[in-house]
Amino acid sequence: MGDVLAGIHATWEFDTDSVLIRFERGIRTPKLFQSLRERRIPYAALSSVTLTPGKRGTVVLRAVPRAGADPLVEAASGQLKEGFDPYRLVLPAEREVLAEYYADELRALLDPASDEPADRFLVAAPEAPMNFKAYDGRASFDGERISFRWSWTGASSAKWKAGDQTFKVSELAGIVWRSPEALDGYLRLLPRAAAPVDHRTGGSLGDLHGPDGSGSADGVPVAAPVTRAADQDPAAVLFGLGYGPVHESLPFAAAVLESVRRTQPAPASAPALVNAGRRDPADIAERIHHLGELHRAGLVTDAEYTAKKAQLLAEL
């Protein structure tokens, strides 16, 4: 598409096969966005696009990711607050017509398999090395190993007795991230069990294992059962006020989860993604008409109108 749509806290740059989301670095920008900096989202990773009224004279353009496509979303497991959602672009209400145009453009680029879960991560995870300070220790990840170093003041006697811990990614079935904004937030590593891992989910998270990190998917156990509380488990670190904040611990969890998924054997068969192919001529005509309305309204320049119209005609 080659266009740019600037909103509050972020700018979306549309390419032929993906949208690059660049987050602002300002005092009002959520720290999670500042930590992520930018993310490239392939259109194949999206399931739908919505445009809804926002708060205080705004509209919200949201690209909805496919299940299993983004390690950050998988790690969050539905725990992110609306304002921390990196797939939302908030715009002034007067730009609603322009936002609607881009929403339509995105919908036309969605893969035919967009309503199906992705068989692998399609969005890149935050890069290691990374670390954060938890209430009872410090967690670090170098891309291959996760280390927990216990603190003198916060760690339980059980953790001190077990000693500092190091886990190879290849030894894990997944990870559970419970938001630090919850009463008892934590990050827990899930060791591999003897039973096979469910590759559709990566054998990962709270939605699969429950808050304690144990369970199964469709009757197939994916990790060793968890029987200890997080404060007693050497494979877990605790969050607390000022410890393990979302903008530090969630990207960490996503990076670990992506590495765990990558070390697991590929499933025997996986659905192939199908290209969207050429658009329907009636759809092209409707988009050119919509583009003309934007041009007449002064929201699109002469050069942009000419270039976009030529691009649409080329797709016939």
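Residues numbered from 1 in each chain as written. Predicted model: local features only at pLDDT ≥ 70, side-chain atom pairs only at ≥ 80, totals over all residues. Heavy atoms only, no water.

With respect to the sheet that holds strand β11 (residues 165–168)
Right, so step 1: The four strands lie next to each other as β8-β9-β10-β11, forming an open sheet whose pairing is antiparallel. A strand with exactly one partner marks an edge of an open sheet, and here the two such strands are β8 (130–133) and β11. Taken over all neighbouring pairs, the strand axes of this sheet differ in orientation by 10° on average, direction set aside.
Right, so step 2: Looking at chain direction, strand β10 (residues 145–150) and β11 are connected through four bridges and run antiparallel. Paired with Ser147 across the two strands is Thr166, which belongs to β11.
Right, so step 3: Across the sheet, helix α6 (residues 246–263) touches β8, β9 (137–141) and β10, and the angle it forms with β8 is around 140°. (Pairing = 2+ DSSP bridges. Helix = DSSP H or I, 4+ residues; strand = E, 2+ residues; numbered from the N terminus. Axes fitted to C-alpha atoms, helices over the stretch in contact; angles between N-to-C directions. Contact = heavy atoms within 4.5 Å.)

Some points on the nonpolar core
Right, so step 1: Ranked by size, the top nonpolar core spans 71 residues in total, and within it Trp12, Ile146, Phe148, Leu187, Leu189, Phe252 and Val256 carry the most contacts.
Right, so step 2: When residues of this core are assigned to their parent elements, the largest contribution, nine residues, is made by α6.
Right, so step 3: Ignoring any residue separated from it by four or fewer positions in sequence, one finds Ile146 in contact with Ser140, Phe141, Gln165, Thr166, Phe167, Val169, Leu172, Leu189, Phe252 and Val256.
Right, so step 4: Listed in part, the six residues of the second largest apolar core include Val176, Tyr186, Ala236 and Leu238. (Core = buried A, V, L, I, M, F, W, Y, C linked by side-chain atoms within 4.5 Å. Buried < 20%, exposed > 50% of the residue type's maximum accessible area, 1.4 Å probe, protein only.)

Details of the pairing of β10
Right, so step 1: Bridging between β9 and β10 involves five bridges; their strand directions are antiparallel. By the bridge assignment, Phe141 is partnered in β10 with Ile146.

Some points on the packing of aromatic side chains
Right, so step 1: According to the stated counting rule, one finds eleven aromatic pairs in the structure shown.
Right, so step 2: Within the aromatic cluster, the residues linked to one another by ring pairs are Trp12, Phe14, Tyr101 and Tyr102.
Right, so step 3: Over the face of the ring belonging to Tyr186 we find Arg188, whose NZ or CZ atom lies 5.0 Å from the ring centre. (Phe/Tyr/Trp six-rings, centres within 6.5 Å; stacked < 30°, edge-to-face > 60°. Lys NZ or Arg CZ within 6 Å of the ring centre and 35° of its normal.)

Section: the pattern of salt bridges
Right, so step 1: Tallied over the entire structure, the rule returns 14 salt bridges.
Right, so step 2: A salt bridge links Arg39 to Asp70; its shortest N-O distance comes to 2.8 Å. With Arg39 in strand β4 (residues 38–42) and Asp70 in the loop between β6 (58–65) and α2 (71–76), the pair connects residues that are 31 residues apart, well separated along the chain.
Right, so step 3: Where Arg88 meets Glu82, a salt bridge forms, and the shortest distance between an N and an O atom there is 3.7 Å.
Right, so step 4: Among the charged side chains, a network of salt bridges with common partners joins Glu13, Arg22 and Glu38. (Salt bridge = Lys/Arg side-chain N within 4 Å of Asp/Glu carboxyl O.)

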